[in-house]
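Each chain is listed here by its residues.
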Amino acid sequence: MRVRGIGISVLVLLLPVIAGAQQRDSTRSEVREDLEQALEDLDPDNRESSSEQLIQLLQDMSANPVNVNQADLHTLMQVPGINLKTARAIIRYRRDVKPFEALQELTEVTGIGRVTYEKIHPYVTVGRGLELSRRLFTDRRYWTNGGRFQAFTRYQRDLQAARGYQVSPEEGGYLGGPAKYYQRMDYQSDHLSANLTQEKDAGEMLPGPTRFDHQSWHLALEDNGRLQTLVAGDYSLSFGQGLVLWNGGVFGKGSNVTGAANRSGRGIKPYTSAQETNYYRGAAMTYGGRFQLTGFYSSRRRTAGEISPDTTRFPTESGYHRTKRQQARRGNLRQRLYGGHIRVELPVGFIGATGYQTTFDRYIAASDQDYARYDFEGTSASTIGGDYTLLLGPAVAFGEAARSENGGWGVVSGLESPIGPDTEMALAYRNYQKEFQSILGEGFGEGSGTPKNEEGIYLGLQHTLDDKITLNAYFDQFRFPAARFRTHQPTKGYDWLGKAEMEIKPGLDAYLQVRGETKEDEYEVTDKLGRLRRELGNSRRSSIRGHIEYRVNDDVRLRSRAEWVRSRGAGEEIETGFLLYQDLRLVLGEKLTLDTRVTVFDTESYASRVYQFENDLLYVFASQPLFDRGQRMYLLVNYEPFSFLEFWAKVGITKYEDRQVIGSGLNEIQGDTRSEVGVQARIKF
């Protein structure tokens, strides 16, 4: 219980400074809360692959908010919480009534109530109205208008030595040290973007100060008349509903029950993330107005498991090159991609079409397991599709249909609509045939990753009782027509969520959330003759969470959470787990913010694990499964001594009560304690 005692002592020592705290702008806190909710809604078993780009999307949008007096329909739809209907209402208001002079005036727009306003206002600004004129491209001030430069450097490491650092590289150990380094230089103005990102993961080598394992760069022109975007270097592509092309992170099923299924394709975005696999390298351009054409070309090295000199598995997603074996196959596969997108703006919305061809310089072989029977194999793949987002009276209809080169089809279609003055509904149907091989897509569905082998129907409802209480619920039923991972036959399942959010009084908010999932899985039994036989049964997981947040004043926030989990695998016994934490944020003047939390958890095994999102260094993802029995405490300091200089530092400690070995394989740590530190600095002007 030593960690719990340390955490409580820290809280007690900090309380006397509460009275001296000064007011600070709350936008950053609101963005943090949006990030926490978004990351909690991600697929818990696939968070790492999507989280960093989602974090940067929200952080960058808050730093460069959308001007509601100037943005076009498509740009407004990129703001979380704004769909086609709301975007059209904003444009109609500023055109027919008056330009917005204050953000609060957004609540006068039809369809923007308290809930929507609270969701969107950290990401929008009123700017300078409609008076901004476009300068000639030859004017230097045109390219530097709104210019912002920032440079990051970051250091992180675990304090306990894992087994991989104690084993020699010749015996399969890690080649590099336990430190993780990251640095980034970025310049962005209203029309120009340039970036260099470099990273070395823990265990990877750093032979020289500039020889990072991962390096990403771009030079981009944005919003230059009819030349919407031109990128040279690294970029991401997100079109339609994601069935053909999508990378850059998505919001998952969660408490955003009416917006989860409908996506607004972001098109081409310059890439700045340290996530090493989810981007393209080459050139891409979007040109036009109401009729837009997009073209792209990419050629980059990927890493894949070796089968033979001319055959590999599909490229890996981890990005790790820590051992000699991983280093030997680094960049052993070249992938080329070319294609395009067409988008037409109609009086009632948008329609579009997307297509691509990708080739590999070695043959891609799928696994011989049943779940991989319909996976992609070969040296080339292509997918084409058409998408739409249309306003039909009070409802927004959206969807996409796509066909892969082998003849498989994928379809998603849905509707967002009010069904009363205080109730919003979302309904979506998806059908991704087992033969569908959209290897670069990420459609809405039960699991993260490429859309395949799934059919389902989703219903979400949001009801506002009054200005104080909001009710959210969804139900999603799905089936898998062919075997999926760890199964050998078709399966089905469903999941649901109910959430009640309450403003008890100004500064005191709470919510109660209940969530459950039932899914068919296989398990082995021994018959009377001693033979193993596979049976089909239901795996169930459910949770109840109570959460309360109290803002003592603008500078002090207390947050408490209790969560109970009940899990039963197919053919297994019921397990339970719980998590309890107390969180404190202090804003000590305009320059210093402290975040600290003490967590207690107790679960029977990994099956009944619990998750918590943590505040961390800027752009760092911090969410991990907690299981067995123990406590965790962290302290995060954010200090901004000058307007051009900002520091972060974090220390976290997890102590287990019932184990003396943490992790497994090369990540194994001897002992009952795991702790990590991180520091980061940013220069900006």
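Coordinates for the structure precede this section.
Things to note about the overall build of the protein
And step 1. Regarding its fold elements, the protein presents nine helices and 33 strands.
And step 2. For a compact globule of 685 residues, the expected C-alpha radius of gyration is about 26 Å, and the protein comes in at 25 Å, within 12% of that figure.
And step 3. Among the 685 residues that make up the protein, the fraction classed as buried is 51%.
And step 4. Excluding contacts between residues fewer than 6 apart, the proportion of contacts in the protein whose partners are at least 24 apart in sequence is 61%.
And step 5. Carbon and sulfur atoms make up 55% of the accessible area of the protein, which amounts to about 30400 Å² in all.
And step 6. Averaging the positions of the 86 positive and the 89 negative side-chain charges in the protein gives two centres separated by 3 Å.

A closer look at the pairing of strand 21 (residues 491–505)
If a strand is regular, its side chains alternate between the two faces of the sheet.
And step 1. Here twelve bridges tie strand 20 (residues 469–480) to strand 21, and the two strands are oriented antiparallel to one another. Looking at strand 21, one finds that asparagine 472 is bridged to lysine 499.
And step 2. For strand 21 and strand 22 (residues 508–526), the ladder comprises twelve bridges, and the chain directions are antiparallel. When the sheet's bridge partners are listed, leucine 497 is paired in strand 22 with arginine 515.
And step 3. Two successive antiparallel strands, strand 21 and strand 22, enclose a turn made up of two residues, where glycine 507 displays a positive phi of approximately 90°.

Examining the environment of arginine 336
And step 1. Topologically, arginine 336 is positioned in strand 13 (residues 333–346).
And step 2. A residue is classified by how much of its surface remains accessible, and arginine 336, at 36% relative accessible area, is partly exposed.
And step 3. For arginine 336, the contacting residues outside a window of four places in its chain are Tyr297, Ser298, Ser299, Gln357, Thr358 and Thr359.

Structural notes on a nonpolar patch on the surface
And step 1. On the surface, a cluster of nonpolar side chains totalling about 690 Å² of accessible area is made up of Met502, Ile504, Leu512, Ile544, Ile548, Trp564, Phe578 and Leu580.
And step 2. Mapped by element, the contributors of at least two residues to the nonpolar patch are strand 21, strand 23 (532–553) and strand 25 (575–588).
And step 3. Tracing the chain through its elements places isoleucine 548 in strand 23.

Describing the pattern of salt bridges
And step 1. By the definition in use, this model includes 47 salt bridges.
And step 2. We note a salt bridge from aspartate 96 to arginine 95, for which the minimum N-O separation is 2.9 Å. The two residues aspartate 96 and arginine 95 agree in class, both being exposed.
And step 3. Among the salt bridges present, the one from arginine 585 reaches aspartate 595, with a minimum N-O distance of 2.7 Å. Of this pair, arginine 585 sits in strand 25 while aspartate 595 sits in strand 26 (residues 592–603), placing them ten residues apart in sequence. Each member of the pair, arginine 585 as well as aspartate 595, is classed as buried.

Here we look at helix 5 (residues 84–96)
And step 1. Helix length check: helix 5 (13 residues) gives 18 Å between terminal C-alpha atoms against 18 Å at 1.5 Å per residue, within 8%.
And step 2. What helix 5 keeps buried is the set Leu84, Thr86, Ala87, Ala89, Ile90, Ile91, Tyr93 and Arg94.
And step 3. The elements touched by buried residues of helix 5 are helix 4 (73–76), strand 14 (349–364), strand 15 (378–392) and strand 16 (395–404).

A look at the nonpolar core
And step 1. Formed by 30 residues in total, the largest nonpolar core has its most connected members in Val68, Leu76, Val79, Ile90, Phe100 and Leu106.
And step 2. With six residues, helix 5 is the single largest residue contributor to this core.
And step 3. Look past the residues within four positions of isoleucine 90 in its chain and what remains in contact with it is Val68, Leu76, Ile82, Phe100, Leu106, Val109 and Ile112.
And step 4. Membership of the second largest hydrophobic core comes to 26 residues, among which are Tyr356, Ala381, Ile439 and Leu440.

Focus: the packing of aromatic side chains
And step 1. Counted under the stated rule, the structure contains 19 aromatic pairs.
And step 2. Judged by centre distance (5.2 Å) and plane angle (85°), the rings of tyrosine 606 and phenylalanine 627 are edge-to-face. One end of the pair, tyrosine 606, is in the loop between strand 26 and strand 27 (610–613); the other, phenylalanine 627, is in the loop between strand 28 (623–626) and strand 29 (629–642), with 21 residues separating them in the sequence.
And step 3. Each residue in the set Phe314, Phe360 and Phe376 is aromatic and connected to the rest through ring pairs, giving one cluster.
And step 4. Taking the ring centre of tyrosine 581 as reference, the NZ or CZ of arginine 597 above it sits at 3.9 Å.
And step 5. The ring of tyrosine 656 carries the charged tip of arginine 659 above its face, separated from the ring centre by 4.9 Å.

Some words on the side chain of arginine 362
And step 1. For arginine 362, the position within the fold is in strand 14.
And step 2. Engagement of the side chain of arginine 362 in a polar contact is seen with the backbone oxygen of serine 308, the distance being 2.8 Å.
And step 3. Discounting chain neighbours no more than four positions away, the residues touching arginine 362 are Glu306, Ser308, Pro309, Asp310, Thr311, Thr312, Asn332, Leu333, Gly378 and Thr379.

Section: the side chain of glutamine 326
And step 1. Among the structural elements, glutamine 326 can be located in helix 9 (residues 324–328).
And step 2. You can call glutamine 326 buried: its relative accessible area is 18%.
And step 3. Apart from residues lying up to four places away in sequence, glutamine 326 is in contact with Tyr320 and His321.

Rules used in this analysis
- Residues numbered from 1 in each chain as written.
- Predicted model: local features only at pLDDT ≥ 70, side-chain atom pairs only at ≥ 80, totals over all residues.
- Heavy atoms only, no water.
- Helix = DSSP H or I, 4+ residues; strand = E, 2+ residues; numbered from the N terminus.
- Rg over C-alpha atoms; globule rule 2.2 N^0.38 Å.
- Buried < 20%, exposed > 50% of the residue type's maximum accessible area, 1.4 Å probe, protein only.
- Contact = heavy atoms within 4.5 Å.
- Areas by Shrake-Rupley, 256 points an atom, 1.4 Å probe, with all protein chains shown as cover.
- Lys, Arg positive; Asp, Glu negative; His and termini not counted.
- Charge placed at Lys NZ, Arg CZ, Asp CG, Glu CD.
- Pairing = 2+ DSSP bridges.
- Patch = residues over 30% accessible without salt bridge, like charges linked within 9 Å, V, L, I, M, F, W, Y side chains within 5 Å.
- Salt bridge = Lys/Arg side-chain N within 4 Å of Asp/Glu carboxyl O.
- Expected span 1.5 Å × (residues − 1).
- Core = buried A, V, L, I, M, F, W, Y, C linked by side-chain atoms within 4.5 Å.
- Phe/Tyr/Trp six-rings, centres within 6.5 Å; stacked < 30°, edge-to-face > 60°.
- Lys NZ or Arg CZ within 6 Å of the ring centre and 35° of its normal.
- Polar contact = N/O pair within 3.5 Å; in protein donor to acceptor, adjacent residues only side chain to side chain.

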